[in-house]
Amino acid sequence: MVLLHVLFEHAAGYALFAVKEVEEIGMLLPQVEASVLSIGKFNSMVSLAAFFPFKSAQTALENINAISEGVVHADLKLFLETNLPQAGKKKSVLGVSDAKIGAALQEELGLSIQTGGVVAEIFRGVRLHFHSLVKGLTAQAASKAQLGLGHSYSRAKVKFNVNRADNMIIQSIALLDQLDKDINTFSMRVREWYGYHFPELIKVVPENSTYCRLAQLIGNRKELSEESLESLEEVVMDSAKAQAILDASRSSMGMDISPIDLINIERFSCRVVSLAAYRLELQEYLRSKMSQVAPNLATLIGEVVGARLISHAGSLTNLAKYPASTVQILGAEKALFRALKTRGNTPKYGLIFHSTFIGRAAAKNKGRISRYLANKCTIASRIDCFSDVPTSVFGNKLRDQVEERLSFYETGEVPRKNVDVMKEAVKEAVDVAAEIKRKLDKKEKKRKKREKKLKDVEANGETNGEAEENGDAEASVVKKKKKKKQEEVQAEETPAAEDGAEEAEAPAKKKKKRKSEAMETEVVEETPETPVLKKKKKKKESAD
């Protein structure tokens, strides 16, 4: 007799259900499918054997990550070892929904695993009635647990997404291509619309963005004069063209147009000009992004072609995993399968055809140089994907190698060996990486120092009020002391003026001594003048 247990993983925890009469259920599968919807009938077939609730959201996230990767978590192992019946007369089988986790459990615990068939129908019923089968769990609580775990799982996946830097490149190159199409379409509309009024302008200025700027500038052609030549020269950057536009406006066969129509044409031209300006900004953004994410690939084949390769592959990691033969025909899948179907010649190149190297090669060498370039692109993408500090050293060396191969096809000059070039590149890359790390460390130190200064300023700002009050008090005390010193000096000078002759006989040492004593004896209260005079008289008498 078979004893079937079903393991159900929920956001609230692990649940183990015991299934009764497995053989009969397996034989009556259509009746089981019908009875799954009824909780009463389902309860008669399935009963809860054990439930292990997750202690926290972090534990739930760890367990769900382990299950998604097909790894047996320690909590799951302990739960199954504790609650599954030991091998006896009845053969125990564990039903799981995912074959990947089933294989891991079979290898880890040596269990007999079953997936599909009756197990899938039981899982459908358990999923439907889970909150009723587990005591103390409501439908609202179960849905909240699922929502919280879903959000945290998605956040973790986005956070650890290694392609997140590539996503910006993929979106910007897609937007760049879309802008090119839109600008061309809108420019043709401006040409057609403004051509009713000034048809000769198309022949003089064939370039789209310049034409839109001129349509915005000129407006009514009858208002053009010699004074407008300077502004026309600024747009077309050619005095002869500006004069030709002026001459054509005077002898134009275009129809007259109302002011309201001119206003609409000017507005639309302004929009097209702003779109063209934004396209240039976007191209600059793409260039800077490629120099950060894939500098070697951008140096080798160009920013736009490199971004298209990354976009077509899906990410830089996927591009790095591709072999050189796949990179060579990336973007020419239709031609490849058509050639395989009709047994014709397969394509020699895909997106890398837009590189300058293939255009410079002779017709007979285009296939050879495309194969060589695809090989170098694969090396560059792998270096960019898996290097810690991105540098463009390898990209420059690989580009030099492609140039040497082109000259070899044309002149027969033997290029350098790949081993020698790569040795040079590794030496340079080590030096450049060390320099970049040093600069980054220096920036980090400056940032920390700046933060420390800001903290000190904030801390000092709180005590500024107290410091100012203390400073005012100290200043007043110093002023009082200076005033007292001046008064004492004046008091000493008055008797000295009366007895000048006798004072002259006294030695210089006594004067110095008296001054030092006067400086040392600073008294807070003012000393009366009479006792000072008496002391001086006594000293004179003793001296006589």
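So, how was this worked out
Residues numbered from 1 in each chain as written. Predicted model: local features only at pLDDT ≥ 70, side-chain atom pairs only at ≥ 80, totals over all residues. Heavy atoms only, no water. Helix = DSSP H or I, 4+ residues; strand = E, 2+ residues; numbered from the N terminus. Buried < 20%, exposed > 50% of the residue type's maximum accessible area, 1.4 Å probe, protein only. Contact = heavy atoms within 4.5 Å. Areas by Shrake-Rupley, 256 points an atom, 1.4 Å probe, with all protein chains shown as cover. Phe/Tyr/Trp six-rings, centres within 6.5 Å; stacked < 30°, edge-to-face > 60°. Lys NZ or Arg CZ within 6 Å of the ring centre and 35° of its normal. Axes fitted to C-alpha atoms, helices over the stretch in contact; angles between N-to-C directions. Left-handed = near helix turned anticlockwise from the far one by under 90°. Nonpolar A, V, L, I, M, F, W, Y, C, P; charged D, E, K, R; others polar. Patch = residues over 30% accessible without salt bridge, like charges linked within 9 Å, V, L, I, M, F, W, Y side chains within 5 Å. Salt bridge = Lys/Arg side-chain N within 4 Å of Asp/Glu carboxyl O. Lys, Arg positive; Asp, Glu negative; His and termini not counted. Charge placed at Lys NZ, Arg CZ, Asp CG, Glu CD.

**Considering the overall build of the protein chain**
Reasoning step 1: When you go through the protein chain residue by residue, the secondary structure sums to 27 helices and five strands.
Reasoning step 2: The burial tally for the protein chain puts 33% of its 544 residues in the buried class.
Reasoning step 3: For the protein chain, long-range pairs separated by at least 24 residues make up 67% of all intrachain contacts whose partners lie at least 6 apart in sequence.
Reasoning step 4: Surface exposure of the protein chain reaches about 34300 Å², of which carbon and sulfur atoms provide 54%.

**Examining the side chain of Lys397**
Reasoning step 1: Examined against the element boundaries, Lys397 turns out to sit in helix 22 (residues 393-411).
Reasoning step 2: Since its relative accessible area comes to 12%, Lys397 is described here as buried.
Reasoning step 3: When near neighbours in sequence (up to four residues on either side) are disregarded, Lys397 contacts Val421, Glu424, Ala425 and Glu428.

**Observations regarding the packing of aromatic side chains**
Reasoning step 1: One pass over the structure, following the stated rule, counts 15 aromatic pairs.
Reasoning step 2: Taking the centre distance of 6.5 Å and the plane angle of 90 degrees together, the rings of Phe52 and Phe54 count as edge-to-face.
Reasoning step 3: Phe52 gets classed as partly exposed once you look at its relative accessible area, which sits at 24%.
Reasoning step 4: Through a chain of ring-to-ring contacts, the aromatic side chains of Phe8, Phe17, Phe51, Phe123 and Phe130 assemble into a single cluster.
Reasoning step 5: The cationic tip of Arg191 hangs over the ring face of Tyr211; the distance from NZ or CZ to the ring centre is 5.2 Å.

**Topic: the packing of helix 11 (residues 208-218) against helix 14 (residues 259-293)**
Reasoning step 1: Interaxial distance between helix 11 and helix 14 falls to 8 Å at its minimum, and their mutual angle equals 140 degrees. Once helix 11 is placed against helix 14, the crossing between them reads as left-handed. When helix 11 is examined against helix 14, the residues Ser209, Cys212, Arg213, Ala215 and Gln216 are found in contact with a partner set consisting of Glu266, Ser269, Cys270, Val272, Val273 and Ala276.
Reasoning step 2: Residues that form the contact of helix 11 with helix 14 fall into these classes: six nonpolar, three polar and two charged.

**Quick word on a positive patch on the surface**
Reasoning step 1: There is a patch of like positive charges on the surface, built from Lys439, Lys442, Lys443, Lys446 and Arg450.
Reasoning step 2: Following the sequence through the fold, Lys439 ends up in helix 23 (residues 418-462).

**A look at the pattern of salt bridges**
Reasoning step 1: A full pass over the atoms with the stated rule returns 16 salt bridges.
Reasoning step 2: Lys222 is paired through a salt bridge with Asp256; the nearest N and O atoms lie 2.7 Å apart. Here Lys222 is found in the loop between helix 11 and helix 12 (229-236), whereas its partner Asp256 is found in the loop between helix 13 (239-250) and helix 14, with 34 residues between them in sequence.
Reasoning step 3: Looking at Asp256, the relative accessible area reads 48%, which means it is partly exposed.

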